There are 4 protein chains.
Amino acid sequence: MSSNSFGQIFSVTTFGESHGPAIGCVIDGCPPGLEISAEEIRRELLRRATGRSRHTSQRREADDVQILSGVFEGRTTGTPIALLIENTDARSRDYETIKNQFRPGHADITYMRKYGFRDYRGGGRASARETTMRVAAAAVARKYLAQGPGIEIQGYLAQLGPIRTDTRQLDWDAIETNPFFCPDPELVPELEKFMDQLRKSGDSVGARINVVARNVPAGLGEPVYGKLDAELAAAMMSINAAKGVEIGAGFRSVEQMGTEHRDAITPDGFLSNHAGGVLGGISSGQDVTASVAFKPTSSLRIPVRSIDIDGKAVEVVTKGRHDPCVGIRATPIVEAMMALVLMDQLLRQRAQNPERA
Amino acid sequence: MSSNSFGQIFSVTTFGESHGPAIGCVIDGCPPGLEISAEEIRRELLRRATGRSRHTSQRREADDVQILSGVFEGRTTGTPIALLIENTDARSRDYETIKNQFRPGHADITYMRKYGFRDYRGGGRASARETTMRVAAAAVARKYLAQGPGIEIQGYLAQLGPIRTDTRQLDWDAIETNPFFCPDPELVPELEKFMDQLRKSGDSVGARINVVARNVPAGLGEPVYGKLDAELAAAMMSINAAKGVEIGAGFRSVEQMGTEHRDAITPDGFLSNHAGGVLGGISSGQDVTASVAFKPTSSLRIPVRSIDIDGKAVEVVTKGRHDPCVGIRATPIVEAMMALVLMDQLLRQRAQNPERA
Amino acid sequence: MSSNSFGQIFSVTTFGESHGPAIGCVIDGCPPGLEISAEEIRRELLRRATGRSRHTSQRREADDVQILSGVFEGRTTGTPIALLIENTDARSRDYETIKNQFRPGHADITYMRKYGFRDYRGGGRASARETTMRVAAAAVARKYLAQGPGIEIQGYLAQLGPIRTDTRQLDWDAIETNPFFCPDPELVPELEKFMDQLRKSGDSVGARINVVARNVPAGLGEPVYGKLDAELAAAMMSINAAKGVEIGAGFRSVEQMGTEHRDAITPDGFLSNHAGGVLGGISSGQDVTASVAFKPTSSLRIPVRSIDIDGKAVEVVTKGRHDPCVGIRATPIVEAMMALVLMDQLLRQRAQNPERA
Amino acid sequence: MSSNSFGQIFSVTTFGESHGPAIGCVIDGCPPGLEISAEEIRRELLRRATGRSRHTSQRREADDVQILSGVFEGRTTGTPIALLIENTDARSRDYETIKNQFRPGHADITYMRKYGFRDYRGGGRASARETTMRVAAAAVARKYLAQGPGIEIQGYLAQLGPIRTDTRQLDWDAIETNPFFCPDPELVPELEKFMDQLRKSGDSVGARINVVARNVPAGLGEPVYGKLDAELAAAMMSINAAKGVEIGAGFRSVEQMGTEHRDAITPDGFLSNHAGGVLGGISSGQDVTASVAFKPTSSLRIPVRSIDIDGKAVEVVTKGRHDPCVGIRATPIVEAMMALVLMDQLLRQRAQNPERA
C-alpha cells in the first residue's frame, strides 16, 4: 500500500519534488465515460496557484497540466489517468545555502532522520508543491460528484491570525472575488493591511479554513475505521502545515451539553448540524462540514537557532519566495481533499450497498 | 481492504455488536516472540471498563478476554492473534422501545440509510463497546513498544465541560489514582461534584483528552498520505464521539506567528514542541502529542424530537445505562489508538529503512 | 494489509491453529440483507470434512460453526461477520515426537526460519485446517452469488495420481455421490482400489482439481494487476499443497496455434472456450474455468532423511492421521476460493461500473 | 487499492495506453540510497524490446525512459520514483479498421463489456506495451536485490510450441546470446526455422518460460494469503497472454508419490527441489523456480469469425505488427515479476521479522 496514494477505489498516487523535472499523479478507479479536459483541470489549478496576489509566493507556476493516459476522445476510459506538470520555474540555487542546515519547523531534519538522505531543493517531496496534484486529481472527482449526486464543495477562510470571519453570516458569492477566499467582503481591506504589515515584519501567521460539502447523500462512510469523518481527518491532516481538524462542532463539543449538541430530527429534516453531517462515521444527508488549522510558515528571513547536518549550532535565515500565510492558498487544497474522500466513499458505498448509492 | 481493520503491517480487525454473542479482534503482523498473556490484556481492559465509578455506565462488563490463536507457550508466533470476549451482561430488552425510532445524535439513522437494515440493540456495531477491542489489541502493541524502543504512552483528561486542567503543570502520577484520569488531583472533587449534578440533571457534557507518547524514535511516518499525524488524526477521529483532533499546538497555531510556532533546534535538542513531535508527517524524536474533542453523549432521559423508521415525528427518551460524559472513559482508548498507529508505523519504517528503525 | 486477509471489498480474515483453542474468520464488506444461518454454513463444511470416507484422515472435526456477529434476525447487517469453530479433537500428543524435527515437504522449517519460533502442533497455522474457514466464508459468498447474478460453482476431481477423468464427458450429477468428487461414476471403483493400495503402502499421491463457474457476468476483473485470472491464480496457489494453476487451456496453450486457441465469436456467443472465460483479465460471460495441481502429502509413515532444529541429521516418520491424497478433500476448497474471488470482483465492479454490475 | 498497482511496500503503479502520449510508472517504497540511473533501466528495457530480431514485432520502441522523481544526485531518496516513456512510434491508423470490431482472443470485447467504452488503438491499456513499465520498475528492484541479499534472477525459454528445451542440462551462458532466451544453443537453428515457417503461415504459437531466483533468503512469504507462491502466481498470471503458472514440480506433482515429491533434508541442505523453493508459502533458502504458459497471440492475418460492437457477425483480419510468439519476448517480463514479488516480500519480512531479513 503506497504511502503516496490516497483512496481505495478512486485511488490517487502523487509523485514529484519541488525542484525535480516534474510532478504528477495517477488516478486509478475513475468511472469511465466522464468528460474531462486538461483545460478544466488547469482552471482548478489556477485557484491554488502562487502569484495570484502580492500576498502569496511570487514563484510563478505555470501548472500546465497534461493528461498522459486514461482519457480517450475526451472521456475517461476507466483505466489510470496520469497527469503531469513539468517544473519550469525551479531556481535550485536559492536552496544551496541551506543544503547542510535544517530549517526549524520544516521536514528537513525528519526526512534526514528517516531516510538518511534528502533532496534539499525547496523542500523536495515535503514541499507544498505536492498539493498541486491533489487539486488536479480532485478536479476530476469534483466533476463526477457534481454530475452524479450533485455534490458541491466550497471552502473559505474562517480566520487569519487574529482576524476572524463571522461564520454565522457568510457571503458565499464573495469567496471567489478576493485572493483570500474570504466570505466577508468587508473584511478584505483589513486582511490586506494585516498581510502587508506581516510581510514587512518578515514574520508569518496561521489560518483556519472551513469547508462545506452540500448534497452529500446519506450513507457514505465505512464503519468503523473507514468512517467518513476519520478519513476526512486524515485527508486534512495530510495537507502540509495542517495541525488540527474538526468535524461539525469540533472542539466546541467539549463544553456543549448533550441537549445542545444532539441535533433533533423532524419529518422535515434535522434542526441543527453540530454533527457536521456525520453520525457514527456515516453521512446523514446534512451538509458535511470540517475546519482545518494551518500553522504559520516557518520559512522566514528572521533568523532562528538550528543545527546543521553534523549537529552543530547554526543560525538559519530563509531566503527565497515564501508565503507569509500558507493558509491563504489552502482553501482549494482543503476542498480537494474533501472531494477525494467523498468520491472514494461514494464508490465504496456502491460496492457494498448499490441500492442506496 | 476491510473497513473494520486498522493498520497496514500491524493490522487489527475488530468485530462484534454491543448485544451480540461476542466481540473480538484479529491482530495480524505482530512480531513473533513477544511474551503476552490474557491477564495482561485484561489489566488494560480494566482501565477502560464501565462500572469503575459512579460516574460511568453501571453496565458491568466482565471483559474476560480469551486468546484464541497466535500465542503458543506464552509467546506470539507471528500468526494472527485472535482475542474474544463473550457478551454476558447484554440486556436487549432495554432497547426494544427504540427499535423503530432514531435516537438523535446516534448512528441509528445513518446505519439505516446506509444498510437499509440494522441491529438496533444497544447501538449494535456503533456502540462504544467496539472500542474494547482497540484497547485489547493495543495492549499487545504497547508491550512491544515498551520493550523495543521504550515508547510510553500516557493520556489524561484535559477538560471536562467547562472545567479545564492546567496543562502546564501536570501531576503524571495522579492520573491513575482517580476515575477521571485527571492529572490534577485537586480538581477531582470539583469534577465529582460537577458529574453528580450532571447526572441528576439528566444531561451530558463533552470532554477533551490529551495524549503524549514518549521515546518515539525519529523517522516514523510515511509521507505524504501515510503521515504520522494524518494517521493519528484518522485513528482518533475513528473513536466514537470524537469531533476534533489536534497535533501539537493544534488550533492555537491559527493565531501564532511563525517566530513563535517554529521550534528552534540546538545541539541539545528542540527548544519547544509546538509541532507535537511531527514535522512533515515524520516523527522528530520529540514527544508526540495529540488532543481529542469528545462530544457529549446523546442518550439522555431528557426528551428530544426525532422521527421513527416511517419518517413520522416521535419524542425520544433514552433509558438504559449510559455515561453522562463519554470522555471520562476515553483516555485508555485514545492511548490505544496512539499505540496502534505507532506500532504500525514502526514496522513500516523497518521495511523501508531498516538501518534507522 | 493483513496477509491473513483475502479480498478487497468482500474481505475475509482467517485465524487459528490446528491445535489451538479455535479457528475462525471475519468477513467484512458483505452486503446487508442476505439471509444466512449457521446451519447453511455447516452444510458446506460437511462437504470438506475429514472422516467422510476411509480415504481421508480419520480425525473427526465437528466443525460446529457459530456466527458471532454481523447477522441479526437471520440476515446480514453489513457489519463484520465473525465465524468461530472450537477445536475439539486436537490430540497434541501426536506431535510431541516431531517437536524438534523438521518434516520434509512441510512448513516446519520455513516457519522456523521466518519467525524463529513455531507452534509445532499439527502444523499450527500451516495446517490444512485453516482452509475450513475459507469454505465457511465462501458459503456466505456462494449464497449471495447464487441469489444475485445466479453464479454457480462446481469443482471436481480431474486426476488422482495416474487416474484421469475424461473431462470431455462429465456427469455433473455424479460428483456429489462419491467421496472423491469424481464426475465419472464408473471410475470410482478404480479410485477406491488405488487408494486402498496407497494407504497400505504408506505412500501418498497428488491430484488435479478442476473448477467451473457458470453465469459469471461479463466485466469482472480489474486490469492490470487485479485481473480476474491473476487473482484466481493467487487464490488457488494459496491453498495448502497447491503447486500449479491453469486458466482455460492452461499449459496446453504452449503447443496450441493461434488459429486453434483464439475463441471465435458469433452473434450467438463464443464457439469455444480456450480462454477459460477471461480475456485481458476480465470475464467475458463464458464459464470461468480453472485447474489446480495438488502435491502428494508429505506426512508419511515411510521414513525420510531430515534435520532437527539444531541442524543435525534425523530420520522422520510421521504418525497421526493424514490424508494419503490431500486432493480428495480439495474440491470444496477450490470452489470456495473461486467464490471468494468472484464475490470480491463483483463488488469491485459495482464500485467503478455500477451500470454494468 | 489501485488495481494498476503491484506490491504492498515496494509498490509499483503503472499507467498508459499503447497509443496514448506516454506510458509510465510510479515506484513507491523503494529504500533510499540506491544508486540508479536511467541508463541502467534502459539496458533492461532493451532485453524486452521489440525489433530485436526478425521473430518479434517490427514496431520500434525507443523506450527512452526518463526518471522524473525520487532520485537525487544519482541515488534514490525514499520518495516515489516516477518513470516515463513517451510513445513515439504509435501508428494509430493501423487500428482504425478494427475500431468497431472485437478481435477474438483479445480484451476488446471484455473492456467494452466492463467499461462500456474503450481506447481501441493497439489494445489500449490491454496492450503488452504495459509490461515495459514492469521491466523498468523491476530494474530498480533487481539492482537492490543483487546488492543486498545477492538475489539473481534468470528466465529462459523452456518450450516454443512443440520444441522443448532439455531442462536437465541448461547452458546458462547461452541464454543472452540468442533472441529466444534459449538455454540450449543447439536448438536455436531449429527455433529459427520454426519461426520463419510460422511467420509465413500467418499463424502463431504458444510458449513456456521458466524462471529461477537464486540466493533467496529463507523466510520470505506471508502466510496465508500473501504466500510467496500465491503472489508469484498472481504476478505471472497478470502478464498478458499467461494461462498457467507452476511452482517447482507444478503439474508434475499430480502424478508424483509423496516419497518422490517431498524433498529430503540433510545437514548440508535439501536433496532435491520439487517444492520450487517454497514450503508453506515461505521461501526455504533453495532456488525459487516457476514456469509460465503463454498462449499464442490472437492477432493474425488469418481471418476469424467475430462480431462488431453492434453484435453483428464480421470477419476479422488483423494487420499491423505482431509477434507470432509473444512468449519469445516474455522472458524479461517473467523475470521482472519475480523481482517485484521478491523485493516486496523482502521488505515485508523486514517489517515483521527484522532479525531474519
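Residues numbered from 1 in each chain as written. Chains lettered and ligands numbered in written order. Predicted model: local features only at pLDDT ≥ 70, side-chain atom pairs only at ≥ 80, totals over all residues. Heavy atoms only, no water.

Novice: Got a minute to help me understand the interface of chain C and chain D in this structure?
Specialist: Interfaces are often described in size by the accessible area the parts lose on coming together. With 108 residues of chain C in contact, the opposing surface of chain D contributes 108 residues. Across the chain C to chain D interface the summed buried area is about 8300 Å²; carbon plus sulfur atoms make up 61%. With a shortest N-O distance of 3.0 Å, Glu255 of chain D and Arg164 of chain C are connected by a salt bridge. Summed over the shared surface of chain C and chain D, the number is 63 residue pairs in polar contact (both at pLDDT 80 or more). No other element matches the seven residues that helix α2 (residues 108-115) of chain C contributes to the side of chain C that touches chain D. With three bridges connecting them, strand β11 (residues 242-247) of chain C and strand β11 (residues 242-247) of chain D associate as antiparallel partners. Looking at the pairing, Val245 of chain C lines up with Val245 of chain D of β11 of chain D. (Contact = heavy atoms within 4.5 Å. Buried area = accessible area lost by both parts, 1.4 Å probe. Salt bridge = Lys/Arg side-chain N within 4 Å of Asp/Glu carboxyl O. Polar contact = N/O pair within 3.5 Å; in protein donor to acceptor, adjacent residues only side chain to side chain. Helix = DSSP H or I, 4+ residues; strand = E, 2+ residues; numbered from the N terminus. Pairing = 2+ DSSP bridges.)

Novice: Just to check I follow, could you spell out the sheet that holds strand β10 (residues 207-214) of chain D for this structure?
Specialist: Sheet strands line up and pair through hydrogen bonds in the backbone, either parallel or antiparallel. Sheet architecture is open: 10 strands sit in the order β9(C)-β8(C)-β10(C)-β16(C)-β11(C)-β11(D)-β16(D)-β10(D)-β8(D)-β9(D), paired in antiparallel fashion. A strand with exactly one partner marks an edge of an open sheet, and here the two such strands are β9 (163-164) of chain C together with β9 (163-164) of chain D. As paired strands, strand β8 (residues 152-160) of chain D and β9 of chain D are joined by two bridges and run antiparallel to one another. In the sheet register, Leu160 of chain D faces β9 of chain D, and the bridge partner there is Ile163 of chain D.

Novice: For this particular structure, what's the right way to read the interface of chain A and chain B?
Specialist: Counting residues at the interface gives 108 residues for chain A, matched by 108 residues for chain B. Carbon and sulfur atoms make up 61% of the area that chain A and chain B hide from each other, which totals about 8300 Å². Ranking the residues of chain A by area buried against chain B places Lys114, Tyr225 and Arg262 of chain A at the top, with a combined share of 12%. In this structure, the connection of chain A to chain B is made through four salt bridges. A salt bridge links Glu222 of chain A to Lys114 of chain B, with the nearest nitrogen and oxygen atoms 3.7 Å apart. The tally of links from chain A across to chain B stands at 63 residue pairs in polar contact (both at pLDDT 80 or more). Each residue belonging to the side of chain A that touches chain B can be placed in one class, and the counts come to 50 nonpolar, 38 polar and 20 charged. (Nonpolar A, V, L, I, M, F, W, Y, C, P; charged D, E, K, R; others polar.)

The values are spatial; any link to function lies outside them.
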